[in-house]
Amino acid sequence: MAAAGGVPVRVCHQEIVKFDLEIKAAVQDIRDCPGPLGALTELNAVVKEKFRHLRGRIQVRPRAGGGGRGAGPAGGAVASARFWLAAGPQALMGFSCCGFAPQELEQMAKEQDKESEKQALLREVENHKKQMLSNQAAWRKANLACKIAIDNSEKDQLLQGRDSLRHRKTTKESLAESASNITESLMGISRMMSQQVQQSEETVQTLANSSRTILEANEEFKSMSGTIQLGRKLITKYNRRELTDKLLIFLALALFLATVLYILKKRLFPFL
């Protein structure tokens, strides 16, 4: 598999490098584009198409209605055929001479038999993806710079044109509308801040009420603690009094029994 897949992998790398260079050149054209917006739109369409081709050569794309890559080799062949029909006849002629059907680099990596070759190709796929993301970031920055330049140019033309007064009036109206919108936004923010202040005051009042409740409970606990201490002393005193009363009752009972025994002895046994 690795031996048969060497040529298509090399050709795929060449195609990726080609698209990458073309994208960089197109991004540079966008960065240098003097305008108008129609020319910038056309350049963006070209870059978008090249990104589509580059993405199609790097990674496996999802298939609508076909269950993704799980549709099997037939699905990959159909998608690859669509890609090369869009790429043009020159790409088809350059690839048909080798006798291989076009495939994505990621798919070819997954089809490698050797794990080392598979991992190496997957790492290259990740590097190409990162490079593609870098190109996309450069594309966005170039668009931003070009649009800023076009806007500045259009502003200069408006200031120097015959209709400068009318455009200034429109600008004043837009500024007045923006100022009105900003004023409304500030009023909304002021209302929100007032609501927040009111909520904060309510929260502070709630906290003050809670603090007073806690202090009252603390005072009640202190008074209850004093009552409990007094009750403990009384209970201790009553326990002592109960012990004394039991002792006195026991002594009185013993004295009574001794008296009864003495009387019985004198009555029943007077001679003793």
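You'll find the structure just up there.
As the structure is a prediction and not an experimental result, all values here were calculated from the model. (Residues numbered from 1 in each chain as written. Predicted model: local features only at pLDDT ≥ 70, side-chain atom pairs only at ≥ 80, totals over all residues. Heavy atoms only, no water.)

Q: Could you give an account of the overall build of the protein chain, with specific residues and numbers?
A: Broken down by element type, the protein chain carries seven helices and zero strands. Scored against the burial criterion, the 272 residues of the protein chain give a buried share of 21%. For the protein chain, long-range pairs separated by at least 24 residues make up 70% of all intrachain contacts whose partners lie at least 6 apart in sequence. In the form shown here, the protein chain has an accessible surface area of approximately 19900 Å², with 62% of it arising from carbon and sulfur atoms. (Helix = DSSP H or I, 4+ residues; strand = E, 2+ residues; numbered from the N terminus. Buried < 20%, exposed > 50% of the residue type's maximum accessible area, 1.4 Å probe, protein only. Contact = heavy atoms within 4.5 Å. Areas by Shrake-Rupley, 256 points an atom, 1.4 Å probe, with all protein chains shown as cover.)

Q: Report on the nonpolar core, specifying residues and quantitative values.
A: In this structure, I30, V47, F51, L54, I58, W139 and C146 are the most contacted members of the largest nonpolar core, which totals 22 residues. Of all elements in the fold, only α1 (6-31), α2 (37-58) and α6 (115-160) reach the threshold of two or more residues within this core. Residue contributions to this core peak at eight residues, all from α1. If we skip the residues at most four places from it in the chain, I30 touches L40, L43, N44, V47, W139, A142, N143 and C146. (Core = buried A, V, L, I, M, F, W, Y, C linked by side-chain atoms within 4.5 Å.)

Q: Quick one: what's the story with the pattern of salt bridges, residue by residue and with numbers?
A: The final tally for this structure, using the stated rule, is five salt bridges. The closest approach of N and O atoms between D20 and K24, which form a salt bridge, is 2.8 Å. With D20 and K24 both in helix α1, this residue pair falls four residues apart, about one helical turn. Accessibility expressed as a relative area gives 35% for K24, which makes it partly exposed. The residue K246 makes a salt bridge to E242 at a minimum N-O spacing of 3.5 Å. (Salt bridge = Lys/Arg side-chain N within 4 Å of Asp/Glu carboxyl O.)

Q: Explain the side chain of D20 to me, using residue names and the numbers behind them.
A: D20 gets classed as buried once you look at its relative accessible area, which sits at 14%. In contact with D20, other than residues within four places in its own chain, are Q131 and N135.

Q: Pulling in residues and values, what's your account of the packing of α2 against α6?
A: The contact between α2 and α6 brings their axes to 11 Å, and the two run at 175°. Relative to α6, the element α2 is oriented roughly antiparallel. Residues L37, L40, N44, V47, K48, F51, L54, R55 and I58 of α2 form the contact with α6, whose own contacting residues are V125, H128, K129, M132, N135, Q136, W139, N143, C146, K147 and I150. (Axes fitted to C-alpha atoms, helices over the stretch in contact; angles between N-to-C directions. Parallel < 35°, antiparallel > 145°, perpendicular 65-115°, else oblique.)

Q: Pulling in residues and values, what's your account of the packing of aromatic side chains?
A: A full pass over the atoms with the stated rule returns one aromatic pair. With 5.3 Å between their ring centres and 25° between their planes, F51 and W139 make a pair best called stacked. In this pair, F51 sits in helix α2 while W139 sits in helix α6, placing the two residues 88 residues apart along the sequence. Both residues of the pair, F51 and W139, belong to the buried class. (Phe/Tyr/Trp six-rings, centres within 6.5 Å; stacked < 30°, edge-to-face > 60°.)

Q: Kindly report on the state of the cysteines, identifying the contributing residues and their values.
A: Scanning the model with the defined rule gives zero disulfides in all. Residue C33 stays outside any disulfide, its sulfur separated by 4.2 Å from that of C146, the closest cysteine. A residue is classified by how much of its surface remains accessible, and C146, at 1% relative accessible area, is buried. (Disulfide = S-S within 2.5 Å.)

Q: Would you mind going over α6 in detail, with residue names and values included?
A: Taking 1.5 Å per residue as the helical rise, α6 with its 46 residues ought to reach 68 Å, and the 67 Å between its terminal C-alpha atoms agrees with that figure. Looking only at α6, the buried set comprises L121, V125, H128, K129, M132, N135, Q136, W139, A142, N143, C146 and I150. (Expected span 1.5 Å × (residues − 1).)

Q: I'd like to hear about a nonpolar patch on the surface, residue by residue, with values.
A: A contiguous nonpolar patch, built from L253, F256, L257, V260, L261, L264, L268, F269 and F271 and spanning about 940 Å² of accessible area, is present on the exposed surface. Summarising the element assignment, F271 is placed in the segment after α7 (164-268). A relative accessible area of 66% means that F271 is categorised as exposed. (Patch = residues over 30% accessible without salt bridge, like charges linked within 9 Å, V, L, I, M, F, W, Y side chains within 5 Å.)

Q: I'd like to hear about the side chain of Q136, residue by residue, with values.
A: Its place among the elements puts Q136 in helix α6. What Q136 contacts, discounting residues up to four positions off in sequence, is F51 and R55.

Fair warning: the whole summary comes from geometry, so function is off the table for now.
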